[in-house]
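Residue strings, one per chain:
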Amino acid sequence: MNKKTLATLVGSLLGAAVLASPAHAQNVKIGLLGGISGPIAAMAPSMLDASRLAIAQVNEQGGILNGGKLDVVVGDSACNPQNATDAATKAVNIDRVIATVGPHCSGAVLAAANSVTVPAGVLMVTPSGTSPEITKINDKDLVYRTVPSDDYQGRALARTLKARGIDKVAVAYLNNDYGKGLAESFKAEYEANGGTIAGYSGHEDGKASYRSDLAQLARGGADTLVIFDYGDGTGLTILRQALENNFFKTFIGADGMKSEAVIRSLGEQNLGGFFASAPVGEASASLDAFRAAFSAAGGNPDAIFTTTSYDAAFLVALAIEKAGGDKAKLAESLRAVASAPGEPIMAGEWAKAKQLIAEGKDIDYKGAAGDHEFDAAGDVPGNYAFFKVSGSTYEAIADMK
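About the criteria used
- Residues numbered from 1 in each chain as written.
- Predicted model: local features only at pLDDT ≥ 70, side-chain atom pairs only at ≥ 80, totals over all residues.
- Heavy atoms only, no water.
- UniProt positions renumbered as here; feature names shortened; annotations may be inferred.
- Pairing = 2+ DSSP bridges.
- Helix = DSSP H or I, 4+ residues; strand = E, 2+ residues; numbered from the N terminus.
- Right-handed = clockwise from strand over helix to strand, strands pointing away.
- Salt bridge = Lys/Arg side-chain N within 4 Å of Asp/Glu carboxyl O.
- Buried < 20%, exposed > 50% of the residue type's maximum accessible area, 1.4 Å probe, protein only.
- Arc of directions from axis to C-beta.
- Contact = heavy atoms within 4.5 Å.

- Looking at an unreviewed UniProt entry, the protein chain carries the name ABC transporter substrate-binding protein, with the source organism given as Thauera mechernichensis.
- Per UniProt, the comment on the protein chain under Subcellular location (unreviewed entry) is "Membrane".

Let's talk about the pairing of strand E2 (residues 70-76)
Working step 1: As paired elements, strand E1 (residues 28-34) and E2 share seven bridges and run parallel to each other. Looking across to E2, one finds that Ile-30 is bridged to Val-72.
Working step 2: For the crossover from E1 across helix H2 (residues 44-60) to E2, the handedness is right-handed.

Some words on the pattern of salt bridges
Working step 1: If you walk through the whole model with that rule in mind, you get 19 salt bridges.
Working step 2: Ionic pairing is found between Arg-52 and Asp-49, a salt bridge with its closest N-O pair at 3.1 Å. Highlighted residues: Arg-52 and Asp-49, both in helix H2, separated by three residues, approximately one helical turn.
Working step 3: Here Asp-49 falls in the partly exposed class, since its relative accessible area comes to 37%.
Working step 4: Two residues, Lys-352 and Glu-343, come together in a salt bridge whose shortest N-O distance is 3.5 Å.
Working step 5: Connected via shared salt-bridge partners are Asp-151, Arg-155, Arg-159 and Glu-189.

Considerations on helix H12 (residues 330-338)
Helical geometry note: an α-helix holds 3.6 residues per turn, so side chains three or four residues apart project in the same direction.
Working step 1: Restricting attention to buried positions, one finds in H12 the residues Leu-330, Ala-331, Ser-333, Leu-334, Val-337 and Ala-338. One face of H12 carries all of its buried residues, which in axial projection span an arc of 160°.
Working step 2: Buried residues along H12 sit in contact with strand E3 (99-101), strand E4 (123-126), strand E5 (143-145), helix H11 (306-323) and strand E12 (363-367).

Written out as structure tokens, the structure is:
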């Protein structure tokens, strides 16, 4: 056999082997853009770990697409528009991610979406960006959230306080998209239900003292101060100085204030009058499955935004699988896997979902945080609870309607 005949035979055999072999495994990159530093630094680790759990389950149960790995690029958005833009730019333009989970904070979401991800055609799912302004982004159907808008939370909190007999409050809010959005929705609903806003003031981040602001708010005669801020940042300073100077008797925060940093810094014994609202997962088998898996992995399933962070990552993975890795089809695929009709998929059921998608069957993801039936703006409804401090953590004491 001459060399030419041998080469032809080898080439034919190699070609046949390639045709007979399964498609080459294709790894896919997604970004996790979290508030690793900045005002929610104490919350971010649990949120990121919950997203990582979803990604680990994907990789352990057959991987993404043709057995590839779902790779993660982590960026620090720092709850800051400039940091978020920089982190998103790196993830999209350098690391070539096709979707992001996060950023975590509203201002960061708005900046990263408008400047980077939407122009690049990259899907974004935030687990904790709650500002009503996110609904208004001209996003080409590329921005979604697994947490309800603060328009829901602010109004639900207003109704809850009225139902608990709190008829007069002062409101201090951080002058950013998160704080202002919450304050506006709360104020509108509280006053519509007969409540009195005895003081209403925005403040800037990072001041050493807010005592003069607090003194002005206290002059209205309210015993209750509502703080729309972050418990790892300015909100903690305001709460500490209000307690030290006896400006108010009762303190109410929203989800940004439900941070264990507040308890560690001020002590449970000083927080008997402190309460907070936060979104909670709807009781379900999917929530139970998440709680068991996250606990087994060493996580705290009661930490804020863990369910929404897990769901955001799992939904992104499902969308990638449904779209066959086609970035242009991710948005329509996300809506398809999150909505009825379809075979129910619970938290952790990646292998089942992957098989059904391969068979061309519809699926309907039932998340740890509840159903995610996205509306036209990519928003979801949700459930909230009212919490008190209990030991080193928070205990739900009432549902919020």
